[in-house]
Amino acid sequence: MLKITKACEVTKVSTIIVSLYGQPGIGKTSMSSTSNKSLLLDCDSGAYRSEFTGDRVEVKNWSDIVGITVEDIEGYDTIIIDTVGRALEFLSAALIIQNPKLSKKTGELTIAGYGAVKQSFRSWIGGLRTLNKDIVFVSHEKEERTGDDRIVRPDIQGGTYGEILKLADAMGYMYQEGQNRIIDFTPTDYHIGKDSGKIGKIIIPHFGQEPNFLSKIIQQIKDTLNRVSMENREISQIVSAWRTRIDEIKNSEEANCFLLEIKEEKNPTVLTQVRGLLAKKTKNLGLRVNAHRQYELIVDCPDKKPESSETFCPTQACFTDCPVFTKYKR
Amino acid sequence: MYRLSPTMLDSYRLYKTTNWKSYTDIVSTIKKEVVETEPMKVGRAVHHIKEGLGTEKYGMVLIDGYIFRGIEKEDKKYISELKITPKIQTPYGNCIISMVADAIYGNEIKEYKTTQSPIDIGRYMEYYQWRCYLWGFCAEKIIYEVMEINQCKDGIWKVKNTEKISLCPYIGMEEDIRLLVEDMIAFCHSQGLQNYILE
């Protein structure tokens, strides 16, 4: 039977993609293995160095990766690609065997080669995502310099780097700070990051004491994404109701009454949008905020000036003739 | 009170950290003397299509003197072109950050970007524009819909490639914005340009 999600239902985020990168020996493989029921695709042949690695596949070429079947990964919740850079080298080699024109004489990929790698990797990840597993990308770090500035980013070749940036729900940089190992999901001027779970910068514990460290982070990210998704619907409904009322405002009096009403709105996201919509509407009506923070009609008609703090244009004719109003109306 | 825009902040950031913006460029930006270039005009036309403007015929849209194929107007549920002017406190006094979201729905903002070169996702992630928008609109997500467009021999503009980049607020984001705003105000003072950024 066809599973239909009703329009009123919010689609729940059940799987995500996390990207971890950092200095060699910082514990990327170990940390990735603290995810839930993980299977490590060990492309770097470095998993033996980690004392916390779970089940793993020793990858020697790209066919080891694409050869993985649905049955093979049944029972695992998380697939770890360690490292993405090495996996891409396997993929590049496989593509060059298929089409030697994708490489230069020096063995480097041509531009078309990089494009082919990106496309093939994208397809493979697309397929993997349909299997309803969390995916963890592990990468080494790479430092880029622009003048005196430096920025650290995952060491991933060509356009696939952009693909990982786009796909990852969260991206954390691991580094040593004094005695502590740190993971920072915050994007800064010094390193790339993505923090959809609002995790920020945290000290990495000893995995012997926290064997589910990444699993908890992944859960926190999912919870945040689901909360945001729920709130999105609620906020849009509230804003929509306010919007209908704003559309009905016809003059400064109604706008001023509305100003009092929106003071009751407590949600900052709703309030920001309602204020923006009101500003747009009042501008179209030719209103402005005066020194008393009240809306009044902009009247620049040469013949008729408003008396004292009169907020309405004295004659109806003025509405149509006033060039200023006409400008705003447009 | 000072008044800046996310575009000005990003121009200043690029001037500070890269060679893409020269001193002359940043001064022009601050003085608001930037002349609209052809790619900017094409980009604006794409925004207009997204807003639902333009004349549609034979699967093409005519807008602002350009003809486009393959660009659809945005879903009606989005509020388009919403302008806000939040203030941020700095040691120099308050500064208004004037911003207009291309489209907003609930706690999600959409920004349309056009480029005539291959899409560089990392470049968009470095922007301060998304940080400002997420902060100013108190939003939880921003999606950059980046369209790589090119003009065919028949003069029609087509979308060659589209990427959607999703970004979210992070701890310390407001502080990052404040620091850049402070830095830019200090720069304007040091160069005698402060009057150009006053309200």
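All of these numbers come straight from a predicted model, not from anything done at the bench. (Residues numbered from 1 in each chain as written. Chains lettered and ligands numbered in written order. Predicted model: local features only at pLDDT ≥ 70, side-chain atom pairs only at ≥ 80, totals over all residues. Heavy atoms only, no water.)

Caption draft 1: Looking closely at the overall build of chain B. Looking only at helices and strands, chain B has six helices and 11 strands in total. In terms of overall dimensions, chain B is globule-like: its C-alpha atoms have a radius of gyration of 18 Å, near the 16 Å expected for 199 residues. Taking all 199 residues of chain B together, the buried fraction comes to 52%. Contacts in chain B between residues far apart in sequence, at least 24 positions, make up 62% of those at least 6 positions apart. Split by element, the accessible area of chain B, about 9,400 Å² in all, is 48% carbon and sulfur. (Helix = DSSP H or I, 4+ residues; strand = E, 2+ residues; numbered from the N terminus. Rg over C-alpha atoms; globule rule 2.2 N^0.38 Å. Buried < 20%, exposed > 50% of the residue type's maximum accessible area, 1.4 Å probe, protein only. Contact = heavy atoms within 4.5 Å. Areas by Shrake-Rupley, 256 points an atom, 1.4 Å probe, with all protein chains shown as cover.)

Caption draft 2: Fine view of the overall build of chain A. Regarding its fold elements, chain A presents 10 helices and 12 strands. Taken over 330 residues, chain A has a buried fraction of 46%. Accessible surface, chain A as shown: approximately 17,600 Å² in total, 51% of it carbon and sulfur.

Caption draft 3: Spotlight on the interface of chain B and chain A. Taken together, the contact between chain B and chain A spans 37 residues of the former and 35 residues of the latter. Roughly 2,700 Å² is buried in total at the junction of chain B and chain A, and carbon and sulfur atoms are behind 58% of that figure. Contact with chain A buries area across many residues of chain B, yet Ile79, Asn107 and Met125 of chain B alone supply 18% of it, more than any other trio. Salt-bridge contacts for Glu163 of chain B lead to Lys166 of chain A; the nearest nitrogen and oxygen are separated by 2.4 Å. For the pair chain B and chain A, the number of links is 11 residue pairs in polar contact (both at pLDDT 80 or more). (Buried area = accessible area lost by both parts, 1.4 Å probe. Salt bridge = Lys/Arg side-chain N within 4 Å of Asp/Glu carboxyl O. Polar contact = N/O pair within 3.5 Å; in protein donor to acceptor, adjacent residues only side chain to side chain.)

Caption draft 4: The arrangement of the side chain of Ser33 of chain A in detail. Residues and elements named next belong to chain A. Mapped onto the elements, Ser33 comes out in the loop between α1 (28-32) and β2 (38-42). Ser33 gets classed as buried once you look at its relative accessible area, which sits at 10%. Here the side chain of Ser33 touches Thr29 through a polar contact of 2.9 Å, landing on its backbone oxygen. The residues contacting Ser33, other than those within four sequence positions of it, are Ser38, Phe52, Thr53, Gly54 and Ile80.

Caption draft 5: A look at the sheet that holds strand β6 (residues 87-90) of chain B. All names here are of chain B. As summarised here, the arrangement of the three strands in space is β1-β7-β6, forming an open sheet in which the pairing is mixed. Only two strands of the sheet have a single partner each, and these edge strands are β1 (2-4) and β6. In this sheet, neighbouring strand axes are inclined to one another by 30° on average, regardless of whether the strands run parallel or antiparallel. Of the pairings in the sheet, the one linking β1 to strand β7 (residues 93-97) comprises three bridges and is parallel in character. Counterpart to Leu4 in the pairing with β7 is Ile97. (Pairing = 2+ DSSP bridges. Axes fitted to C-alpha atoms, helices over the stretch in contact; angles between N-to-C directions.)

Caption draft 6: Structural detail: the environment of Val228 of chain A. Within the fold, Val228 of chain A resides in helix α6 (residues 213-247). Residue class for Val228 of chain A comes out buried when judged on its relative accessible area of 11%. Remark: the alpha-carbon pair of Val228 of chain A and Ser196 of chain A, spanning 32 residues in sequence, is separated by 9.7 Å. Look past the residues within four positions of Val228 of chain A in its chain and what remains in contact with it is Asn107 and Glu140 of chain B.

Caption draft 7: Representation of helix α2 (residues 23-30) of chain B. All names here are of chain B. Listed as buried for α2 are Ile26, Val27, Ser28, Thr29 and Ile30. The secondary structure elements touched by the buried residues of α2 are α1 (6-17) and α6 (173-190). Positive phi shows up at Lys32, right after α2, with a value of about 55°.

Caption draft 8: Looking closely at a positive patch on the surface. Positive charge collects at one region of the surface, where Lys263, Arg275 and Arg293 of chain A together with Lys87 of chain B lie side by side. Positionally, Lys263 of chain A belongs in the loop between α7 (252-262) and α8 (268-284). Here Lys263 of chain A falls in the exposed class, since its relative accessible area comes to 61%. (Patch = residues over 30% accessible without salt bridge, like charges linked within 9 Å, V, L, I, M, F, W, Y side chains within 5 Å. Lys, Arg positive; Asp, Glu negative; His and termini not counted. Charge placed at Lys NZ, Arg CZ, Asp CG, Glu CD.)

Caption draft 9: Inspection of the pattern of salt bridges at higher detail. Evaluated as defined, the whole model comprises 26 salt bridges over all chains. One salt bridge in this structure joins Glu144 of chain A and Arg153 of chain A, with 2.8 Å as the shortest N-O distance. A single network of salt bridges, built from pairs that share partners, joins Lys118, Arg122, Glu163 and Lys166 of chain A together with Glu163 of chain B.

Caption draft 10: Spatial organisation of a negative patch on the surface. Among the surface-exposed residues, Asp148, Asp149 and Asp189 of chain A together with Asp120 and Glu126 of chain B lie close enough to one another that they form a single negatively charged patch. As for its placement among the helices and strands, Asp149 of chain A is situated in strand β6 (residues 149-154). Residue classification places Asp149 of chain A among the partly exposed residues on the basis of a relative accessible area of 35%.

Caption draft 11: Broad picture of the sheet that holds strand β9 (residues 108-115) of chain B. Residues and elements named next belong to chain B. Here eight strands make up an open sheet; going across it, the order is β2-β3-β4-β11-β10-β9-β8-β5 and the pairing mixed. The open sheet terminates on both sides in strands that have one partner only, identified here as β2 (55-57) and β5 (79-84). Shown here is a sheet whose adjacent strand axes are inclined to one another by a mean of 35°, direction ignored.

Caption draft 12: Structural detail: the packing of α1 of chain B against α6 of chain B. Residues and elements named next belong to chain B. Contact geometry for α1 and α6: axes closest at 10 Å, N-to-C directions at 75°. Classified by the angle between their axes, α1 and α6 sit roughly perpendicular to one another. Along the contact surface, α1 presents Met8, Leu9, Tyr12, Arg13, Tyr15 and Lys16, while α6 presents Leu180, Val181, Asp183, Met184 and Phe187. Its residues placed into classes, the contact of α1 with α6 shows eight nonpolar, no polar and three charged. (Parallel < 35°, antiparallel > 145°, perpendicular 65-115°, else oblique. Nonpolar A, V, L, I, M, F, W, Y, C, P; charged D, E, K, R; others polar.)

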